[in-house]
Amino acid sequence: MNCAKCKELLVAYVEGLLDESQTQAVAEHLKNCPSCQAEMSELGRLRDRLVGNGKVLARSNLEDEVMNRIIREQKSRLKKSSEVNRQYSVWRLIMRSRITKLAAAAAIVVVALVGIHQLGGPLAGGTVTFADVIEPILNARTVVLDFIVGSEETGTVMQDLIAGSKIRRTFSNMETILIIDIDNAKMLTLDPVGKSAVYMDIQGPLQEGTKSYLGLVRDIVSEIVDNPNIPVQGLGEREIDGQRAVGFLLSEPKIKLTIWADAETATPIRIEMLMGQTRTIIKNIEFDVPVDESLVSMNVPAGYTLDEQEQDWSEFNEEDFLVVLQVWAKYVLGGKFPDSISLEDLMNLASQLTNMAPRTEDEVHQLGMSDEEQARLGMAMGRGFVFFQQLEPSGADWHYVGKGVEFGDANTAVFLYRQKGSDTYRVIYGDLHVEDSAPEDLPK
Amino acid sequence: MSETDKYYVERCLDGHPDDFRHLVKRYQAVLLAHLAGKLGNRSSAEEVAQEAFVRAYFKMDRLKKPQLFFSWLFGIAERVAKEQLRREKIRQQRESIRSFTEEAQRPELSQDYALEKAIATLPEAYRKVILLRYYGADSCSRIAERLNMPLGTVTKTLSRAYAMLRESLQQQQQTNIYEVQK
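Residues numbered from 1 in each chain as written. Chains lettered and ligands numbered in written order. Predicted model: local features only at pLDDT ≥ 70, side-chain atom pairs only at ≥ 80, totals over all residues. Heavy atoms only, no water.

### A closer look at the interface of chain A and chain B
Part 1 of the reasoning: Contacts between the two partners involve 30 residues from chain A and, on the opposite side, 40 residues from chain B.
Part 2 of the reasoning: Taken over both partners, the interface formed by chain A and chain B buries close to 3300 Å², and the fraction arising from carbon and sulfur atoms is 65%.
Part 3 of the reasoning: Put simply, chain A and chain B have 6 salt bridges between them.
Part 4 of the reasoning: Among the ionic pairs, Glu-39 of chain A bridges to Arg-166 of chain B, the shortest N-O distance being 3.1 Å.
Part 5 of the reasoning: Put simply, chain A and chain B have 12 residue pairs in polar contact (both at pLDDT 80 or more) between them. (Contact = heavy atoms within 4.5 Å. Buried area = accessible area lost by both parts, 1.4 Å probe. Salt bridge = Lys/Arg side-chain N within 4 Å of Asp/Glu carboxyl O. Polar contact = N/O pair within 3.5 Å; in protein donor to acceptor, adjacent residues only side chain to side chain.)

Okay, structure coming up:
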């Protein structure tokens, strides 16, 4: 055996893995080769060192600590999941009442329409082509359109069918159907899943503002037409949904309205509006489509149960808004205020809430909240939505600063607003107490 | 202790969490040896090893081949160690008071930090074999089974690993001498 072969077999030799004849051959070679002997003892030292260190580490005892940590972690996971379950069930409980579900859906919609009376002030500038563009908006008897609040990617899409002063509205992310009678300040809300219906009185501030979005556009447009000095800015041509379109921008201090129309037929294709912090988009517009009258009928459809109590949406206040904040932060988000509050966020929240399935009677009783209490809470929430959404159109100044704030934190402000004409701000804190504050004393 | 990894993994998933203890016992020294060399600090190594075991426990239902528990655990430990190193780096940047060499030669590290460090620098295939042989006290045939490789490959890998260890230890020694002379 030569040295190369010996060195190659050395490890197997030491490990006792060689057969008898190989073992003997290696042993023989080692006896007479000082170089391989040196190699062998070098290997032996390294192995001793490894074995020694291995023994030290083998004495360590991680088992108890690891097992304790596993038990602790297990417990905290269980606790967390039961907390989430509990919060989830309270939330579901609140939304169990069908009135509540209908109210939540209705509220966001009504207010999305508020704001027409806001518009005013002289307008200046004008073009002839623009008159062509607005002609169908002013004269169409029926219109079908998609109405998006917020961004096109994440906002709720409302599909509207407008016939005269009536609107039938459905949603991309919830089953609720609304039929709004603007002239009579009434709204019929239908839940096709639970087959329930409720009438809502939308007199008062809501009635004033409740017109179709298209009505708003009409108002703006007619004002522009009546006024020879219209501030219309041409935006040139652009391709929209595969169509060649001409754009017009109307700027007013509080409202920016952009209308894109087909470059050949002058039919509006897309209308974008930015009012305060709220962006809305109208697209897929069709004018004068035949409409089945029954779709906008204010009668309760066959098979639906009508709730005997008519809901009153004529009043809402800050208290109601506090209920929204409470439900949102405490129950929906598990103790943290949302990152932002916008009309889009509220619509998404409402759809989450309305999509909750009712729980069994037993579970409801365990949580100990009566039907009346549930309904009261739900209705307050609905009105709270209204309260928030009328802030912008009513000319109030508001700011949401609750991102990352824990529910219950009495020292950190989450929301502040000043009603039009008021000298002071109302400041809502993380524990939902409210303080009046002069503009110069506002929390940072 | 003599049952297979697969057996213990299945027991744990079957509602006997305490059997996880056997797996901890089996692999703690292996992980510690590897981590101590990598992290340069015995207490960090213990912390990371514990965390790796805990994570492994809670992810066990996602382990597709229970017989390969060791390699899987090793991968988890590597990830935890990386996180730890990142934190450690940030901490060191914040308080760059002690130099790295002082850090590395603190007496509580372990018996033979130079050796652990040399092991940590081995390529993974070699490192695993060394770790299992000396810190897991596995025989060569057991290692062949665990790592799913022929016995001959295990001895060849060991042989090559010894050579690399020796070289690395020698280099460390020379660096130390050089530093002392400086």
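### Brief notes about the packing of helix α2 (residues 20-32) of chain A against helix α3 (residues 34-58) of chain A
Residues and elements named next belong to chain A.
Part 1 of the reasoning: Running from N to C, α2 and α3 point in directions that differ by 110 degrees, and their axes come no closer than 6 Å. Comparing their axes, α3 and α2 come out roughly perpendicular. Of the residues in α3, those in contact with His-29, Leu-30, Lys-31 and Asn-32 of α2 are Pro-34, Cys-36, Gln-37 and Met-40.
Part 2 of the reasoning: The residue inventory of the contact of α2 with α3, partitioned by class, reads 4 nonpolar, 3 polar and 1 charged. (Axes fitted to C-alpha atoms, helices over the stretch in contact; angles between N-to-C directions. Helix = DSSP H or I, 4+ residues; strand = E, 2+ residues; numbered from the N terminus. Parallel < 35°, antiparallel > 145°, perpendicular 65-115°, else oblique. Nonpolar A, V, L, I, M, F, W, Y, C, P; charged D, E, K, R; others polar.)

### Some details on the pairing of strand β15 (residues 413-418) of chain A
Residues and elements named next belong to chain A.
Part 1 of the reasoning: Burial of β15 is extensive: 5 of the 6 residues sit out of reach of the surface.
Part 2 of the reasoning: Bridge analysis of strand β14 (residues 397-400) against β15 gives 4 bridges, and the strand direction is antiparallel. Bridge pairing in β15 places Asp-397 opposite Arg-418.
Part 3 of the reasoning: Between the end of β15 and the start of strand β16 (residues 425-429), which pair antiparallel, lie 6 residues, with Gly-421 showing a positive phi angle near 90 degrees. (Buried < 20%, exposed > 50% of the residue type's maximum accessible area, 1.4 Å probe, protein only. Pairing = 2+ DSSP bridges.)

### Quick notes on the pattern of salt bridges
Part 1 of the reasoning: Tallied over the full model, the rule gives 31 salt bridges over all chains.
Part 2 of the reasoning: Among the salt bridges present, the one from Glu-406 of chain A reaches Lys-336 of chain A, with a minimum N-O distance of 2.8 Å. Of this pair, Glu-406 of chain A sits in the loop between β14 and β15 while Lys-336 of chain A is found in the loop between α9 (318-332) and α10 (343-354), placing the two residues 70 residues apart along the sequence.
Part 3 of the reasoning: When the shortest N-O distance is used, the salt bridge between Lys-128 of chain B and Glu-124 of chain B registers 3.1 Å. On the criterion of helical spacing, the pair formed by Lys-128 of chain B and Glu-124 of chain B is a turn pair, its members being 4 residues apart in helix α7 (residues 124-135).
Part 4 of the reasoning: Of the residues examined, Lys-128 of chain B reaches a relative accessible area of 11% and is grouped as buried.
Part 5 of the reasoning: By sharing partners, the salt bridges in this structure join Arg-69 of chain A together with Glu-47, Glu-51, Arg-55 and Glu-83 of chain B into a single network.

### Thoughts on the sheet that holds β16 of chain A
Residues and elements named next belong to chain A.
Part 1 of the reasoning: Taken together, the 4 strands give an open sheet; going across it, the order is β14-β15-β16-β17, and neighbouring strands pair in antiparallel fashion. In this open sheet, the two edge strands, each paired with only one partner strand, are β14 and β17 (434-437). Each adjacent strand pair in this sheet contributes to an overall mean axis angle of 20 degrees, direction not counted.
Part 2 of the reasoning: Its contacts with the sheet place α9 against β15, β16 and β17, and it is angled at close to 30 degrees to β16.

### Structural notes on the nonpolar core
Part 1 of the reasoning: Membership of the largest hydrophobic core comes to 73 residues, with the highest contact counts inside it found for Leu-50 of chain A together with Phe-20, Ile-130 and Tyr-135 of chain B.
Part 2 of the reasoning: Sorting elements by how many residues they give to this core places helix α2 (residues 20-39) of chain B first, with 12 residues.
Part 3 of the reasoning: Beyond its immediate stretch of four places on either side in the chain, Phe-20 of chain B contacts Val-66, Met-67 and Ile-70 of chain A together with Cys-12, Phe-53, Ala-56, Tyr-57, Met-60 and Phe-69 of chain B.
Part 4 of the reasoning: Within the second largest apolar cluster, 32 residues are counted, among which are Trp-328, Phe-337, Tyr-400 and Phe-415 of chain A. (Core = buried A, V, L, I, M, F, W, Y, C linked by side-chain atoms within 4.5 Å.)

### Details of the confidence of the model for chain A
Residue and element names in this part refer to chain A.
Part 1 of the reasoning: For chain A, per-residue confidence averages 75 on the pLDDT scale, and residues scoring 70 or more make up 71% of the total.
Part 2 of the reasoning: When the criterion is pLDDT under 50, residues 110-129 qualifies, and its contacts beyond four places in sequence or with other chains add up to 64 contacts.
Part 3 of the reasoning: Every residue in residues 357-367 scores below 50 in pLDDT, and together they form 13 contacts with partners more than four places removed in sequence or on other chains. (pLDDT = per-residue confidence, 0-100.)

### Things to note about helix α1 (residues 5-13) of chain B
All names here are of chain B.
Part 1 of the reasoning: Every buried residue of α1 is accounted for by Asp-5, Tyr-8, Val-9 and Cys-12. When α1 is viewed along its axis, its buried side chains cluster within an angular range of 100 degrees and face the same direction.
Part 2 of the reasoning: Taken from the residues just after α1, Gly-15 is the one with a positive phi, measuring 95 degrees. (Arc of directions from axis to C-beta.)

### Thoughts on unusual backbone geometry
Part 1 of the reasoning: One non-glycine residue, Asn-284 of chain A, lies in positive phi territory at about 50 degrees.
Part 2 of the reasoning: Its place among the elements puts Asn-284 of chain A in strand β11 (residues 278-287).
Part 3 of the reasoning: Taking the relative accessible area as the measure of exposure, Asn-284 of chain A reaches 43% and is therefore partly exposed.
Part 4 of the reasoning: With a phi angle near 60 degrees, Asn-148 of chain B is a residue other than glycine that sits in the positive phi range.
Part 5 of the reasoning: For Asn-148 of chain B, the location among the structural elements is in the loop between α8 (140-146) and α9 (151-181).
Part 6 of the reasoning: Taking relative accessible area as the criterion, Asn-148 of chain B reaches 67% and is therefore assigned exposed.

### Let's talk about a positive patch on the surface
Part 1 of the reasoning: Taken together, the side chains of Arg-79, Lys-82, Arg-86 and Arg-87 of chain B present a region of like positive charge at the surface.
Part 2 of the reasoning: Counting through the fold element by element, Arg-87 of chain B comes out in helix α4 (residues 69-94). (Patch = residues over 30% accessible without salt bridge, like charges linked within 9 Å, V, L, I, M, F, W, Y side chains within 5 Å. Areas by Shrake-Rupley, 256 points an atom, 1.4 Å probe, with all protein chains shown as cover. Lys, Arg positive; Asp, Glu negative; His and termini not counted. Charge placed at Lys NZ, Arg CZ, Asp CG, Glu CD.)

### As for the packing of aromatic side chains
Part 1 of the reasoning: Within this structure, the stated rule accounts for 18 aromatic pairs over all chains.
Part 2 of the reasoning: Between the aromatic rings of Phe-388 of chain A and Trp-398 of chain A, the centroid separation amounts to 5.0 Å while the plane-to-plane angle is 70 degrees, which identifies the pairing as edge-to-face. Pair noted here: Phe-388 of chain A is in helix α12 (residues 371-391) and Trp-398 of chain A is in strand β14, with a separation of 10 residues, a long-range link.
Part 3 of the reasoning: Residue classification places Trp-398 of chain A among the buried positions, given a relative accessible area of 5%.
Part 4 of the reasoning: Ring geometry for Phe-69 of chain B against Trp-72 of chain B: centres 6.0 Å apart, planes inclined by 50 degrees, an arrangement best described as tilted. In this pair, Phe-69 of chain B and Trp-72 of chain B both sit in helix α4, 3 residues apart, roughly one turn of the helix.
Part 5 of the reasoning: Judged by relative accessible area, which is 0%, Phe-69 of chain B ranks as buried.
Part 6 of the reasoning: These aromatic residues form a ring-pair network of at least three members: Phe-321, Phe-387, Phe-388, Trp-398, Phe-415 and Tyr-417 of chain A.
Part 7 of the reasoning: The positively charged end of Arg-238 of chain A is found above the aromatic ring belonging to Trp-260 of chain A, 4.5 Å away from the centroid. (Phe/Tyr/Trp six-rings, centres within 6.5 Å; stacked < 30°, edge-to-face > 60°. Lys NZ or Arg CZ within 6 Å of the ring centre and 35° of its normal.)

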